[in-house]
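Okay, here's what each chain looks like letter by letter:
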Amino acid sequence: MLAGRTENDGAARYLAGELACLANTPGGGALVVGVADDGTRIGTELSADRLRHRIWELTTRQLTISAQMVQCSGVRLLVLVAPEAIEPIRYAGRLRWRLDDHCVDMDPTSWHVEARRRAGIDWSAEPSEHTLDDVSAVAAEIARRYLRAAANAGDDAAAELAEATIADLLRRLHVIDGRGRLSNAGSLLFVRTPDIGIDYLRREVAGGDSITRVRSNRALLEQVAEVEMATDVTNRIVHVGGSFAHGLLRAIPQRALREAVMNGIVHRDWLSRQPTLVEHIGDRLTVTSPGGFIGGIAAANIITHPAVPRYRSLAEAVASLRLAEREGIGIDRIVRDLLARGHRAPDIAEIAGPYVRITLAGGDPDATVMALLSSLQPPAAASDVDMLLVIGHLLQTGWIDVEHAAPVIQRSRVETEEAMSRIAAVTVDGDPVVVPINGVPAGAPVAYRFSERARTLLDTKMAHLATPDGRRAMIVSWAHARSRVSSTEVADFTGLSVPYAGTLLKALADESLLRPARANRMGRGFYYLPVRDHDDHT
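Computed from a prediction, not measured in an experiment: that's the story for all the values here.

Cut-off values and rules
Residues numbered from 1 in each chain as written. Predicted model: local features only at pLDDT ≥ 70, side-chain atom pairs only at ≥ 80, totals over all residues. Heavy atoms only, no water. Pairing = 2+ DSSP bridges. Helix = DSSP H or I, 4+ residues; strand = E, 2+ residues; numbered from the N terminus. Disulfide = S-S within 2.5 Å. Buried < 20%, exposed > 50% of the residue type's maximum accessible area, 1.4 Å probe, protein only. Core = buried A, V, L, I, M, F, W, Y, C linked by side-chain atoms within 4.5 Å. Contact = heavy atoms within 4.5 Å. Salt bridge = Lys/Arg side-chain N within 4 Å of Asp/Glu carboxyl O. Phe/Tyr/Trp six-rings, centres within 6.5 Å; stacked < 30°, edge-to-face > 60°. Lys NZ or Arg CZ within 6 Å of the ring centre and 35° of its normal.

Caption draft 1: How the structure looks around the sheet that holds strand β18 (residues 400-401). In space, the three strands of this open sheet follow the order β18-β22-β21, with antiparallel pairing throughout. Each having just a single partner strand, β18 and β21 (434-436) make up the two edges of the open sheet. Pairing analysis gives three bridges linking β21 to strand β22 (residues 447-450), with the strands arranged antiparallel. Opposite Val435, over in β22, you have Arg449 as the bridge partner.

Here you go:
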């Protein structure tokens, strides 16, 4: 902004968009005008009253903010506060709210659902037009079948529930009132969905003809059972041999597949007429469900974020039927089951619509990874999601530290430090799975790599890191992340000799990817620095 100007329409238009976004966000928000992105106080002469009025005009008289002038170390700043909107506010034709550090598009239905959720209103708990007489006998028998399966696994409460009359079952699921009227959750599960609930398509290859298709608006329990029967046939069986594991496994872990489908129907927006689309192509499953993330959940925190059900009554009924977790959304279980077979973690994203899309990439289970996991001590480490995520990251990059582990395991820095200490204590055949990297300067954060024993067990999985391109990427990523790199460090995390590591570093410096910290490239403790895009190469 230009110093000394009391009005600036360009600034007002920008601020109107940002403040509308904040107003649409639970709790509203505030902006400080006169502070640069780097925190420098540059001040502003914009008139608080004129800016406040102009934002009201630009938002078609929907948003009234408070604008207060403050002095901070002799610099004039404006604090603009947007209250939480009662109705969604569009600006320039777009409806946005804040998710993490960004304003993202959303649809009015999701906004209203979130507003109702914050107000304690659960659509799925509200009465429907259906009664006990409308309940599908097939859906009721399917419910009992799932409960009996849980009972056979030792769940006594499920056994008791399975033998209840249909009226008692519905009452204990809290989906029917005293007059025999079903809630919306009960209607969905036991009568029918308003439109097509699940659209399942099976193709052998992308773009190929549909081999199997399941779609209807029958009771949701019937639709789930049909999809399960279809995937029982189409999710191929793979034989896995070896001393660590024997038997037949599915190309996509069956529990992960079910959790992905259930997540896509329980936590979707049921006020949308679009179906939950389940695409099963080869050994890959993609579930796309209408409605974006809610309650602060995002792809970057979905593994560890506390559960925020869009429809609590529906989620609890499904959990009581033993179809999904009661408190969580099953994402951690999906992650665990995929990584434990040597597959990639699921890809989860919010896409335009909005929709939430989760993709499970299956295939032949990886015997190398499964052998390592079966040898871990304590054995519980093999099902520790943090451990599995760190192993997966190390297989791709060769090294990890707390800063880079935090977004991988989706935990705070303090939690990540504890997790890395716990992981460092896990052993395989008597040796640690991960060890600190040698050559890291005193006082610098600890970084880890696989131990020699783990490297031996995972040799084939790590072959890509031993190629010239793999080593090059590892060294450059380390240099940029750690702001320096030495031959001792490179030798340790690549498994090469120190002289050969020095040769690689010199070659990267000759390519202007690194630069020596000392011009003579000699002396104790010599290291290289990363060459960044803004560095002067002349």
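Caption draft 2: Looking closely at the state of the cysteines. Tallying each qualifying case throughout the model produces one disulfide. Here Cys21 is linked by a disulfide to Cys103, with a sulfur-sulfur distance of 2.1 Å. Disulfide Cys21 to Cys103: torsion about the S-S bond roughly -105 degrees, handedness left-handed. Here the residue Cys21 occupies a position in helix α1 (residues 9-24), and Cys103 occupies one in strand β6 (residues 102-105), the gap between them amounting to 82 residues. The exposure classification of Cys21 matches that of Cys103, with both residues buried.

Caption draft 3: Here's a closer look at the nonpolar core. Counting residues in hydrophobic clusters, the biggest one holds 118 residues, and the most contacted among them are Leu376 and Phe450. With eight residues, helix α13 (residues 385-397) is the largest single contributor of residues to this core. Every residue in contact with Phe450, bar those within four places of it in the chain, is listed here: Ile391, Leu394, Leu395, Val433, Val434, Val435, Arg455, Leu458 and Met462. Residues Ala48, Leu58, Leu78 and Met106 belong to the second largest nonpolar core, which totals 26 residues.

Caption draft 4: Structural view of the pattern of salt bridges. For the structure on display, the rule yields 39 salt bridges. Residue Asp199 pairs with Arg213 through a salt bridge whose shortest N-O separation is 2.7 Å. With Asp199 in strand β9 (residues 198-203) and Arg213 in strand β10 (residues 212-216), this residue pair connects regions lying 14 residues apart in the sequence. Relative accessible area serves as the criterion here: at 5%, Asp199 is assigned to the buried category. Assessed through its relative accessible area of 48%, Arg213 is described here as partly exposed. Of the charged contacts in the structure, one is a salt bridge between Arg236 and Asp283, with a shortest N-O distance of 3.0 Å. Residue Arg236 is located in the loop between α8 (220-234) and β11 (237-240), and its partner Asp283 is located in the loop between β13 (276-281) and β14 (284-290); the two are separated by 47 residues in the primary sequence.

Caption draft 5: Representation of the environment of Leu161 in the model. The residue Leu161 is located in helix α5 (residues 156-162) in this model. Each C-alpha atom, one on Leu161 and one on Leu321, is 8.7 Å from the other, the two residues being 160 residues apart in sequence. Residues contacting Leu161, with those up to four places away along its chain left out, are Leu147, Leu169, Arg172, Leu173, Ser320 and Arg322.

Caption draft 6: Local environment of the packing of aromatic side chains. For the coordinates displayed, the defined rule picks out four aromatic pairs. Ring geometry for Trp123 versus Tyr311: centroids 5.4 Å apart, planes at 55 degrees, classification tilted. Here the residue Trp123 occupies a position in the loop between α3 (108-118) and β7 (127-131), and Tyr311 occupies one in the loop between β14 and α10 (312-320), the gap between them amounting to 188 residues. According to the relative accessible area criterion, Tyr311 is buried, its value standing at 2%. Taking the centre distance of 5.0 Å and the plane angle of 65 degrees together, the rings of Phe526 and Tyr528 count as edge-to-face. Of the two residues, Phe526 and Tyr528, both sit in the buried class. Through successive ring pairs, a cluster of aromatic residues spans Trp399, Trp478 and Phe493. Its guanidinium or amino end placed over the ring of Tyr146, Arg145 lies 5.7 Å from that ring's centre, counting from NZ or CZ. Its end group placed over the ring of Tyr527, Arg484 keeps NZ or CZ at 4.4 Å from the ring centre.

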